[in-house]
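What follows is the residue order along each chain.
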Amino acid sequence: MSPRRQAPLTLEYILLGFLDQSPIHGYELYKKIANFEGVFLVWRIKQSQLYALLDKLEAEGLLASTLIPGEAHLMRKEYQITEIGRQAFYTWRCSPVNHGRDMRQEFLAKLYFAQKSSAEVSFELIDRQKSICLKWLSGFRDSYAKVPGEQSFERMVFQFRIHQIEAFITWLDSCQDEIQGSLAPLPSAER
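Described in the following lines is the structure provided in the data block. (Residues numbered from 1 in each chain as written. Predicted model: local features only at pLDDT ≥ 70, side-chain atom pairs only at ≥ 80, totals over all residues. Heavy atoms only, no water.)

### Re the overall build of the chain
- When helices and strands are counted, the chain shows 7 helices and 3 strands.
- Listing every helix and strand of the chain by position from the N terminus yields α-β-α-α-β-β-α-α-α-α.
- The buried share of the chain, reckoned over its 191 residues, is 35%.
- Sequence separation of at least 24 residues holds for 58% of the intrachain contacts in the chain that already meet a minimum separation of 6.
- Of the accessible surface of the chain, which amounts to about 11800 Å², a share of 55% is contributed by carbon and sulfur atoms. (Helix = DSSP H or I, 4+ residues; strand = E, 2+ residues; numbered from the N terminus. Buried < 20%, exposed > 50% of the residue type's maximum accessible area, 1.4 Å probe, protein only. Contact = heavy atoms within 4.5 Å. Areas by Shrake-Rupley, 256 points an atom, 1.4 Å probe, with all protein chains shown as cover.)

Now the structure itself:
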């Protein structure tokens, strides 16, 4: 393993995101993640994996724990995010993904927490991601244009990527519309 400190994985950021909302003990966090709504639609985790990740994040200084008296158990750990963990989480939450393969899970997790924060944070994340997607689209269109006509498989691959990115952009637009639609309209006197 490299002596360099590795950046947390998406799942670890998800844990930081829940801990940013409030301190919580491990089993409550597991139940929150395992709830069918929200992030469960994107990620699933085994309880044993959760505790291993919490220990890792604590060792890295991204969260801290306190032993508190429990009802069924004498003592249990309650986890809270540290300031370093909070800054790492906010940076991650506001950053677009850099690969199309990360749209399905990582971007959706970021969008989940952006929505928990505010419509403004959500719009900023979506705008940043659309900008990245437009760069991808331009690059793939340029590459497609350079492929000779007799290389049909290569052309089909580039067409696939182009259509996939166009779909991402269309979906991002619909996300903005959905968020905008969920905002309460201002009374006419405030417009």
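### Details of the environment of Ile 33
- By the element assignment, Ile 33 lies in helix 2 (residues 26-34).
- Taking the relative accessible area as the measure of exposure, Ile 33 reaches 2% and is therefore buried.
- A sequence separation of 10 residues divides Ile 33 from Trp 43, and the C-alpha atoms of the two residues are 8.2 Å apart.
- In contact with Ile 33, not counting residues within four places along its chain, are Leu 15, Phe 18, Val 39, Phe 40, Ile 45 and Leu 50.

### Some points on the pairing of strand 3 (residues 75-81)
- Pairing geometry for strand 1 (residues 24-25) and strand 3, over 2 bridges, is antiparallel. Paired with His 25 across the two strands is Glu 78, which belongs to strand 3.
- The pairing of strand 2 (residues 63-69) with strand 3 spans 7 bridges and is antiparallel. Across the sheet, Ile 68 pairs through a bridge with Arg 76, a residue of strand 3. (Pairing = 2+ DSSP bridges.)

### Overview of the nonpolar core
- Counting residues in each nonpolar core, the largest one holds 27 residues, and the members touching the most others are Ile 14, Leu 15, Leu 16, Phe 18, Leu 29, Ile 33 and Leu 54.
- At the level of secondary structure, the elements contributing two or more residues to this core comprise helix 1 (10-21), helix 2, helix 3 (47-59), strand 3, helix 4 (83-93) and helix 5 (103-117).
- Ranked by the residues each element gives to this core, the list is headed by helix 1, at 7 residues.
- Counting 20 residues, the second-largest nonpolar core is a separate cluster that includes Met 103, Phe 107, Leu 111 and Ile 162. (Core = buried A, V, L, I, M, F, W, Y, C linked by side-chain atoms within 4.5 Å.)

### Remarks on the sheet that holds strand 1
- Taken in spatial order, the 3 strands make up an open sheet running 1-3-2, and their pairing is antiparallel. Whereas interior strands pair on both sides, the edge strands pair on one side only; in this sheet they are strand 1 and strand 2.
- Across the sheet, helix 1 is in contact with strand 1, strand 2 and strand 3; its angle to strand 3 comes to roughly 95°. (Axes fitted to C-alpha atoms, helices over the stretch in contact; angles between N-to-C directions.)

Purely spatial values, then, with no claim about function.
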